[in-house]
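One letter stands for each residue in the lines below.
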Amino acid sequence: MAPEVVTADGSTQKYNKKADIWSIGSTVVEMITGRDPYPQCKNEANVLFTIGQNKEPPKYPDVSALCETFLKKTFTVDPVARPSAKDLLDNDLFINNGQTVSTATVPDKPQSIAYSFCKKNPGHEQFIPVKIFSMFHFPKCCQDNELFELMKAISELTVLVLVRFTSYDRPKTSSKTNSYPFYRNRGSDFLRTGTGMIDLEDCETLTDACNCKSCQRLGTPDNTGFTFNVVTATHVVFDESEAKNTEFKLFFNDDTSEVVRVYGVCIESSDVKTDRSVVKCVSHDVKLLERLRQTWDRYKDLDRIVTCRYKHQMEENKFCATVSHPHGRTKQVTIGEWTHREKCGKVPLLGIPLTRYHYTTATCPGSAGAPVFILGSGTGMYHHTHSGVVANDNYSGLFFD
């Protein structure tokens, strides 16, 4: 029941079919939760007061970005501003089979359209779905089983990044580009996508009540669970305000995958010069931690073995691979070669040289922040992240190797 229905006196106050739109949203929430939309209310009088006086919509748990947008529209308090049934049918949830919208380059169109009409990689022939990726996609000189297992571990730790707010503090320009990405979108809540990689090295058990987006919606902060980091590009998740409005989609390997969603709670570090951002996330799923921990330990062991094995052959094989979510779609692997390594100063105080790699490995909008694996390089655990492209020259953010 919509607020205007509760407050209508039957004579001067009127309501129309827009009231049914609110009811549709309530029904969807009931289908998601499997319970009454207002379980906190003890009786019908409490429900009517909550809707009529407080104008409060039902609370709901984690849902996809598109579903959340749909529900927010149905629960618009002002019936004049509330969308009609026709407006809702134009929502991406219906016209794109529930897949994620990428607005990195086409803000108002479904990501499937952006993918289909991509000008950078028409047909995306160089992108290999992780479900069919095999060792035989490597060059013959690199068809190594441990290298393949390492790439599988990197893939498992790679996540889709969905950002729903653009910080007011984004700079106008940067040293690498004339115009800093999304500067013109400051303060807006349009959805854009990127890629990131899980880092479990600083994983901690929750000790205080959680304030993530999911707990805020439910109104019941949970103090069980754990925190971990996701490494991405700074121009994907710029600062604290963006981190708190970022969702991470894990295990999105194909359209049938059992996807896990977690939310950002704060920014651990962010640097425009290196274009490297570390976002702290939270999950209340203990089984998820066990799965990630096994993958993370396997990844570290394999990365050290493979790096040691190929570190003297870097210049010879020039192997470069990425795992990303192009256009916000399912996870894809691309393989190519790095063309040159650019020296870019040193880490302040530590004196460690910083480098940027340039490579032929295919990337697309949505690949920003993806791990860039340079065979034989790296610190035995961490790698560069994809930053951007200029005149078909793909380049990474700054990091040390």
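Computed from a predicted structure; not experimentally measured.

Participant: Even after reading the chapter, I still don't get the packing of aromatic side chains, so can you show me in this structure?
Facilitator: The description of an aromatic ring pair uses the distance of the two centres, along with the angle that the planes make with each other. By the definition in use, this model includes twelve aromatic pairs. An angle of 65° between the planes, with centres 5.6 Å apart, marks the rings of phenylalanine 133 and phenylalanine 138 as edge-to-face. Neither phenylalanine 133 nor phenylalanine 138 differs from the other in exposure class; each is buried. On the numbers, 5.4 Å between centres and 85° between planes, the contact of phenylalanine 138 with phenylalanine 319 is edge-to-face. A residue pair is termed long-range when its members are at least 10 positions apart, and phenylalanine 138 in the loop between strand S1 (128–129) and helix H8 (145–157) and phenylalanine 319 in strand S8 (residues 319–324) qualify at 181 residues. Of the residues examined, phenylalanine 138 reaches a relative accessible area of 4% and is grouped as buried. Among the aromatic residues, those joined into a cluster by ring pairs are Phe133, Phe138, Phe148, Phe319 and Phe373. The ring centre of phenylalanine 182 lies 4.8 Å from the NZ or CZ of arginine 192, which sits over that ring. The ring of phenylalanine 399 carries arginine 276 above its face, with NZ or CZ at 3.8 Å from the centroid.

Participant: Where do I start with the side chain of glutamate 4 in this structure?
Facilitator: Within the secondary structure, glutamate 4 sits in helix H1 (residues 3–7). Given a relative accessible area of 12%, glutamate 4 falls into the buried group. Among the polar contacts listed, one links the side chain of glutamate 4 to the side chain of arginine 82, at a separation of 2.7 Å. With near-sequence residues (within four places) excluded, glutamate 4 lies in contact with Tyr15, Lys18, Ala19, Val77, Pro79 and Arg82.

Participant: Which parts of the structure should I look at to understand the confidence of the model for the chain?
Facilitator: A low pLDDT score tells you not to read the predicted coordinates there in detail. Across the chain, the average pLDDT comes to 86, with 90% of residues at or above 70. In the predicted structure, residues 95–110 sits below a pLDDT of 50 and forms 44 contacts with residues beyond four places in sequence or in another chain.

Parameters at a glance
Residues numbered from 1 in each chain as written. Predicted model: local features only at pLDDT ≥ 70, side-chain atom pairs only at ≥ 80, totals over all residues. Heavy atoms only, no water. Phe/Tyr/Trp six-rings, centres within 6.5 Å; stacked < 30°, edge-to-face > 60°. Buried < 20%, exposed > 50% of the residue type's maximum accessible area, 1.4 Å probe, protein only. Helix = DSSP H or I, 4+ residues; strand = E, 2+ residues; numbered from the N terminus. Lys NZ or Arg CZ within 6 Å of the ring centre and 35° of its normal. Polar contact = N/O pair within 3.5 Å; in protein donor to acceptor, adjacent residues only side chain to side chain. Contact = heavy atoms within 4.5 Å. pLDDT = per-residue confidence, 0-100.

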